Amino acid sequence: MSTYYSASISGKSGILEGELSNIVTKKTLYPKPTVSRVLLGDTYINGSAVNNPNVTNCRLYRKGESVALLTGTITAGALKIYVLGNASITAEKEYDIRVVDGNPNLPTSIPGMPATITIELPKLTLNPVTSTLKVISGETEPAGQVRINIDNVNKTVVTADVNGLFSTVSSNVTSNSIIKVEAKVGTIYPVYVAVRADSHALPDAPTREVKDLESFTTLSSWVLQSGVGTMKSSDTVNTKDTQAIKLTADKVIGFMRNNTFNIDLKEATAIECLLFVKDIAALDKVIVYLANDIGLANNMSFTINSYELVTGWNKVAVALSSGKVTGSFTKAQDIKAMQLRVEPNTEMKAEVSFDLISSVRADKANVLFVFDDAWNEAKVGIASLESKGLRASISVVEVNEKDARFMTNTELKGLNLSGHDLLNHTKDHPHLDLLSKADQRVQFDSCKTYLTANGWTRANDSVIYPYGDYNSDTLLALSEGGYKLGRSLTSGLEINNPNNNFLVRTYNLTPDRTIAQAKNTIDYAIATGSTLVFLNHRLGTAEQMLDTMFWRSDWFEQMTVYVKQKVDDQTLNVITVSEWLLQ
C-alpha cells in the first residue's frame, strides 16, 4: 500500500536554526508492475500489478515521456492493455507502463513507478533451401505459425513444434526460387526472412546515416532575397511535421537564404531534400546552395531539374562530390548559410514547399538492370550480366511473345529459371494516360494473368508504364489492384521504399548518355546510399545509336565490368525487382 510522508526543512548555521518551511506531504509511488513479453501483433499487453481496490487502471507511455498513449485496466492485480492495430505501438521501441493510483480521470491520480518494456518482433530464422531437397525449415516462436511464400505466391501455413522448429517440403521450389517465410502473431505477419534457392540470403538494403539539418519550422530564419513576383510563406498542409516553407516564383526566379547555420558536413557524403511541388509543369529547376560564409562567396550548389521531380512529394538525394564549387568552398569548414532557389518555366508560377533537408553518410547502393519490352537485342546485355553472376529484370508485354522482334516464350522461361525477374509491362503497350481507370486495370491484370499462367510470378505485380505515361487513375488502379510497384520515366535515383511506390525513378540509358556518365551515376548512387534503376531497350553498335532505343553493347559490357568490381568491393548490390521489394 502507499504511505504518506510529510517533511519540512530549515536552515542551520552553527547552533542557530532558521524558521521551518511549510510542511510538504507526498505519497509514495506504487511499485512498477511486472509485464509479460510483448510481440508486435499481440492483442494485449499482460502483466501483474499491485492488488488494491484503489488501483484499477494503468497507462502506457513512450519511454521517458509523461503524456500517456494508452490506458489499460487492472483487475485484482491483473494488468491488461489493448494494443492490437494501434499505430503508436512500434516494433523494437521502448515504452513505460505505470499503474495509476486513484481515478485516472481525475487530476489527483498519481502514476506509479515505470516498468520499461520493448515491443519485440517474433524470432524467425530460415535455413538455406535447395531445389533438390526442397526443404523449407527454420526456427520461430514455440508453437508459432509461419506462412510460406514461394516466388511471390503464398503456399501454406506451418506450425512449429514446442521448441519453435518448423520444417516443410514444397514441390514448388525450383532453381532460383525466392522463398519468403513470415512469422505470424495474432492476425498479422510482422516479420519475414527470405532466401533464394541454391543460393544465400538476399542482400540487405544499403545503410544510410541520415541527420536532420533544417526542418523549416521557423519562417523568420529564412529571408527572401528575390523581388516582386516572389514570396515565402508557411505551409501547414504540405508538411510531414508542423510546417514547411513555401517559396513562390511567379514568372521570375525566387530565392531565400538562411544565415543562422553552423553545420558540420565533414563526414557526410550527400544531402537529402524533402519537398512538395504543387505543379511540376510550372517548374524548371530547384537549386540548393551551401556556403562557408553568409555572403555566399564560397559556396557549393546542386541543381535538381524538373525531370527528376513529380507533382506532389519528392525525396531527392544529391552527392556532395557532384556539387558546383564557387570560390574556395570546402566541406572541411562549417556551413554558415543555405540558399534555396526556385526557377519557374517561362511565364509560369512555380510553388515549392521545402519540408526537410538532411545530411547523409553512405558507402553502398543498389543497382537494378531493367530491359523494357524483352527485345532480342537485350539478350547480349543479359548474357554480359550472367557471365559475372549478376541478374536482370525484363519487362514483358503480353502480345510481344508472338512478334519475332522480341524474345520467345522458351527464352523467357529460361530467364525466369536463371533467376531473372519478368515484370508486368501491360497487355499490349498502350498509352495509359489515354485510357480509363477500368481499362488500365484490364491492361495490368491481363499481363499479370499471362505471367502467372507461365509460372513467372516473382514480379508479376511490378508494373512498367509503356512510354512512361501515367496519370492519377494509373496510381489508383495499381493501388486498388494490390500491385506493389510502378515505374515511370522520371529520371533520378530512388531513396524511397519500393513497396507501394508507383512513381519509381529510373536512369534511361539513351544514346546521349555516355559510359562515363553511367559510371559516374553508379558512384553517385553509392555516395547517396540510393537505388539506381538502369533502363535499356536494345543494345547494339555505335551506328545503331541513331535510334534512341539503342545503347552501345560495348559500353554495356564496360559498365558490367565496373559494376562487378563494386560488387566485389562490397559497395554495390546488383539485385532484381523482387529482391528489392524484400529488402
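Residues numbered from 1 in each chain as written. Predicted model: local features only at pLDDT ≥ 70, side-chain atom pairs only at ≥ 80, totals over all residues. Heavy atoms only, no water.

J.: Please provide a residue-by-residue account of the nonpolar core, values included.
T.: Residues Phe 369, Phe 371, Phe 534, Trp 551 and Met 559 are the most contacted members of the largest nonpolar core, which totals 40 residues. By size, the runner-up hydrophobic cluster in this structure holds 34 residues, among which are Ile 271, Val 286, Phe 302 and Ala 350. (Core = buried A, V, L, I, M, F, W, Y, C linked by side-chain atoms within 4.5 Å. Buried < 20%, exposed > 50% of the residue type's maximum accessible area, 1.4 Å probe, protein only.)

J.: Before we move on, could you go through the sheet that holds strand S19 (residues 178-185) and cite the residues and values that matter?
T.: Strand order in the open sheet formed by four strands is S17-S16-S19-S20, and the pairing between neighbours is antiparallel. The open sheet has two edge strands with one neighbour each: strand S17 (153-159) and strand S20 (188-196). Sheet twist, expressed as the average angle between the axes of neighbouring strands with direction ignored, equals 25 degrees. Where strand S16 (residues 145-150) lies against S17, six bridges are found, and the strand directions are antiparallel. Pairing of Asn 149 across the sheet is with Asn 154, part of S17. (Pairing = 2+ DSSP bridges. Helix = DSSP H or I, 4+ residues; strand = E, 2+ residues; numbered from the N terminus. Axes fitted to C-alpha atoms, helices over the stretch in contact; angles between N-to-C directions.)

J.: Lay out the pairing of S16 in plain terms, naming residues and giving numbers.
T.: The antiparallel hairpin formed by S16 and S17 contains two residues in its connecting segment, where Asp 151 sits at a positive phi of about 50 degrees. Pairing geometry for S16 and S19, over six bridges, is antiparallel. By the bridge assignment for S19, Val 146 is matched with Ala 183.

J.: Would you mind going over the sheet that holds strand S25 (residues 254-258) in detail, with residue names and values included?
T.: Strand order in the open sheet formed by six strands is S22-S25-S31-S27-S28-S30, and the pairing between neighbours is antiparallel. Sheet topology places strand S22 (223-224) and strand S30 (324-326) at the edges, where each strand pairs with a single neighbour. With three bridges joining them, strand S28 (residues 299-305) and S30 adopt antiparallel strand pairing. Bridge pairing links Met 300 to Val 325 in S30.

J.: Before we move on, could you go through the pattern of salt bridges and cite the residues and values that matter?
T.: For the structure shown, the criterion picks out 32 salt bridges. The residue Arg 37 makes a salt bridge to Glu 120 at a minimum N-O spacing of 2.8 Å. Taken as a pair, Arg 37 in the loop between strand S5 (34-35) and strand S6 (38-39) and Glu 120 in strand S13 (residues 115-120) lie far apart in primary sequence, 83 residues in all. We classify Arg 37 as partly exposed; its relative accessible area is 47%. Given the relative accessible area of 29%, Glu 120 is considered partly exposed. It is possible to trace a salt-bridge network through shared partners that takes in Asp 284, Lys 285, Arg 341 and Glu 343. (Salt bridge = Lys/Arg side-chain N within 4 Å of Asp/Glu carboxyl O.)

J.: Would you mind going over the packing of helix H3 (residues 437-453) against helix H4 (residues 472-480) in detail, with residue names and values included?
T.: In helix packing, the relevant descriptors are the interaxial angle and the interaxial distance, both defined with respect to the helix axes. Closest axis-to-axis distance for the H3/H4 pair is 9 Å, and the angle between their directions is 55 degrees. Taken together, H3 and H4 sit at an angle that is classed as oblique. Considering only the axes of H3 and H4, their crossing is right-handed. For the pair formed by H3 and H4, the contact residues are Lys 437, Gln 440, Arg 441 and Phe 444 on the first element and Asp 473, Thr 474, Leu 476, Ala 477, Leu 478 and Glu 480 on the second. Classifying every residue of the contact of H3 with H4 by side-chain character gives four nonpolar, two polar and four charged. (Parallel < 35°, antiparallel > 145°, perpendicular 65-115°, else oblique. Left-handed = near helix turned anticlockwise from the far one by under 90°. Contact = heavy atoms within 4.5 Å. Nonpolar A, V, L, I, M, F, W, Y, C, P; charged D, E, K, R; others polar.)

J.: Requested: an account of the side chain of Asn 454, with residues and values cited.
T.: The topology assignment puts Asn 454 in the loop between H3 and strand S36 (462-464). At 2.9 Å, the side chain of Asn 454 forms a polar contact with the backbone oxygen of Tyr 450. Apart from residues lying up to four places away in sequence, Asn 454 is in contact with Asn 409 and Lys 413. (Polar contact = N/O pair within 3.5 Å; in protein donor to acceptor, adjacent residues only side chain to side chain.)

J.: Lay out the side chain of Thr 510 with the relevant residues and their values.
T.: Among the structural elements, Thr 510 can be located in the loop between strand S38 (501-508) and helix H5 (515-528). Classification of Thr 510 by relative accessible area gives buried; the value is 18%. Apart from residues no more than four positions distant in its own chain, Thr 510 is found in contact with Thr 548, Phe 550 and Trp 551.

J.: So what's going on with the environment of Glu 494? Which residues, and what values?
T.: In this fold, Glu 494 is placed in the loop between strand S37 (485-491) and S38. A relative accessible area of 1% places Glu 494 in the buried class. On a C-alpha basis, the gap between Glu 494 and Asn 366 in space is 9.5 Å, while along the polypeptide they are 128 residues apart. In contact with Glu 494, not counting residues within four places along its chain, are Asn 501, Leu 503, Val 504, Arg 505, Ser 530, Thr 531 and Trp 580. Polar contacts involving the side chain of Glu 494 include one to the side chain of Asn 496, which spans 2.9 Å.

J.: Hey, could you go over the environment of Asn 103 for me, with residue numbers and the actual values?
T.: Within the secondary structure, Asn 103 is located in the loop between strand S11 (94-101) and strand S12 (110-111). In sequence terms Asn 103 and Thr 474 are 371 residues apart; their C-alpha atoms lie 53 Å from each other. In terms of polar contacts, Asn 103 uses its side chain to reach the backbone amide nitrogen of Asn 105, at 2.9 Å.

J.: Please give an account of H5 that cites residues and values.
T.: Here H5 contains 14 residues, and its C-alpha end-to-end distance of 20 Å stays within 8% of the 20 Å for a straight helix at 1.5 Å per residue. Listed in full, the buried residues belonging to H5 are Ile 515, Ala 518, Thr 521, Ile 522, Ala 525, Ile 526, Ala 527 and Thr 528. Backbone geometry just downstream of H5 places Gly 529 in the positive-phi region, at approximately 65 degrees. (Expected span 1.5 Å × (residues − 1).)

J.: A description of the environment of Tyr 192 should follow, citing residues and the corresponding values.
T.: Following the sequence through the fold, Tyr 192 ends up in strand S20. The spacing of Tyr 192 and Lys 180 is 12 residues in sequence and 6.7 Å in space, taken between C-alpha atoms. Every residue in contact with Tyr 192, bar those within four places of it in the chain, is listed here: Leu 124, Lys 180, Val 181, Glu 182, Leu 581, Leu 582 and Gln 583. For Tyr 192, the side chain forms a polar contact with the main-chain oxygen of Leu 582, separated by 2.9 Å.

J.: Residues and numbers for the packing of aromatic side chains, please.
T.: Between two aromatic rings, the relevant description is the distance of the centres plus the angle of the planes. Under the defined criterion, the tally for this structure stands at 14 aromatic pairs. Taken together, a centroid distance of 5.6 Å and an interplanar angle of 25 degrees make the contact between Phe 369 and Phe 534 stacked. Of the two residues, Phe 369 sits in strand S33 (residues 365-372) while Phe 534 sits in strand S39 (residues 531-536), which places them 165 residues apart along the sequence. Residue classification places Phe 534 among the buried positions, given a relative accessible area of 0%. Centroid distance Phe 369 to Phe 556: 5.6 Å. Interplanar angle 65 degrees. Geometry classified as edge-to-face. A residue pair is termed long-range when its members are at least 10 positions apart, and Phe 369 in strand S33 and Phe 556 in helix H6 (residues 553-568) qualify at 187 residues. Here Phe 369 falls in the buried class, since its relative accessible area comes to 1%. Taken together, the ring pairs connect Phe 369, Phe 371, Tyr 507, Phe 534 and Phe 556 into an aromatic cluster. We note Lys 448 situated over the ring of Tyr 483; from NZ or CZ to the ring centre the distance is 5.2 Å. (Phe/Tyr/Trp six-rings, centres within 6.5 Å; stacked < 30°, edge-to-face > 60°. Lys NZ or Arg CZ within 6 Å of the ring centre and 35° of its normal.)

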